[in-house]
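Letter by letter, the chains look like this.
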Amino acid sequence: MPNIKSSKKDVITSKKSYEMNKANKSELKTNLKKFDAALESGDKTVAEAAYKQAVKSVDQAALKGLLHKNNAARKKSSMTLKLNKLA
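Residues numbered from 1 in each chain as written. Predicted model: local features only at pLDDT ≥ 70, side-chain atom pairs only at ≥ 80, totals over all residues. Heavy atoms only, no water.

### Comments concerning the packing of helix H2 (residues 44-64) against helix H3 (residues 69-86)
(1) Moving on: The N-to-C vectors of H2 and H3 enclose an angle of 175 degrees; their axes lie 10 Å apart at closest approach. What the angle tells us is that H2 and H3 run roughly antiparallel. Touching Lys44, Ala47, Glu48, Tyr51, Ala54, Val55, Val58, Asp59 and Ala62 of H2 are Ala72, Lys76, Met79, Thr80, Leu83 and Leu86, all from H3.
(2) Moving on: Taken together, the residues that form the contact of H2 with H3 break down as 10 nonpolar, one polar and four charged. (Axes fitted to C-alpha atoms, helices over the stretch in contact; angles between N-to-C directions. Helix = DSSP H or I, 4+ residues; strand = E, 2+ residues; numbered from the N terminus. Parallel < 35°, antiparallel > 145°, perpendicular 65-115°, else oblique. Contact = heavy atoms within 4.5 Å. Nonpolar A, V, L, I, M, F, W, Y, C, P; charged D, E, K, R; others polar.)

### Here we look at the packing of aromatic side chains
(1) Moving on: Taken as a whole, this structure holds one aromatic pair when the rule is applied.
(2) Moving on: Ring geometry for Phe35 against Tyr51: centres 6.0 Å apart, planes inclined by 50 degrees, an arrangement best described as tilted. Residue Phe35 is located in helix H1 (residues 5-41), and its partner Tyr51 is located in helix H2; the two are separated by 16 residues in the primary sequence. One exposure class covers both Phe35 and Tyr51, and it is buried. (Phe/Tyr/Trp six-rings, centres within 6.5 Å; stacked < 30°, edge-to-face > 60°. Buried < 20%, exposed > 50% of the residue type's maximum accessible area, 1.4 Å probe, protein only.)

### A look at the environment of Ala50
(1) Moving on: Mapped onto the elements of the fold, Ala50 is located in helix H2.
(2) Moving on: Separated by 12 residues in the primary sequence, Ala50 and Ala62 have C-alpha atoms spaced 18 Å apart.

### Here's the deal with the nonpolar core
(1) Moving on: Phe35, Val58 and Met79 are the most contacted members of the largest nonpolar core, which totals 17 residues.
(2) Moving on: Of all the secondary-structure elements, those providing two or more residues to this core are H1, H2 and H3.
(3) Moving on: Setting aside residues up to four positions removed in sequence, Met79 forms contacts with Leu32, Phe35, Tyr51, Ala54, Val55 and Val58. (Core = buried A, V, L, I, M, F, W, Y, C linked by side-chain atoms within 4.5 Å.)

### Some details on the pattern of salt bridges
Pairing is possible between side chains that carry opposite charge, provided their charged atoms lie close to one another.
(1) Moving on: Tallied over the entire structure, the rule returns three salt bridges.
(2) Moving on: Salt-bridge contacts for Lys82 lead to Asp36; the nearest nitrogen and oxygen are separated by 3.9 Å. Here Lys82 is found in helix H3, whereas its partner Asp36 is found in helix H1, with 46 residues between them in sequence.
(3) Moving on: The partly exposed category is assigned to Lys82, whose relative accessible area is 39%.
(4) Moving on: In this structure, the salt-bridge partner of Lys76 is Asp59, at a minimum N-O distance of 2.7 Å. (Salt bridge = Lys/Arg side-chain N within 4 Å of Asp/Glu carboxyl O.)

Printed below as a string of structure tokens:
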């Protein structure tokens, strides 16, 4: 445990950031899994709704710095191809 006041504050801040990042990553993974499950079901309308939600969460993750912008673009492209294959 740090002794300096600013270091103590840094520990608290980093713990908060860790918890927020963990929650955001978990939400992202959940949305991606829901999209995959919707694809497996074969229902186009459900898959499109899940696709919109998944793309939104990927964009948010990229904005927050959880994903690199190229990684986000790759994920969105992959999801789009999978959705188009369903048609």
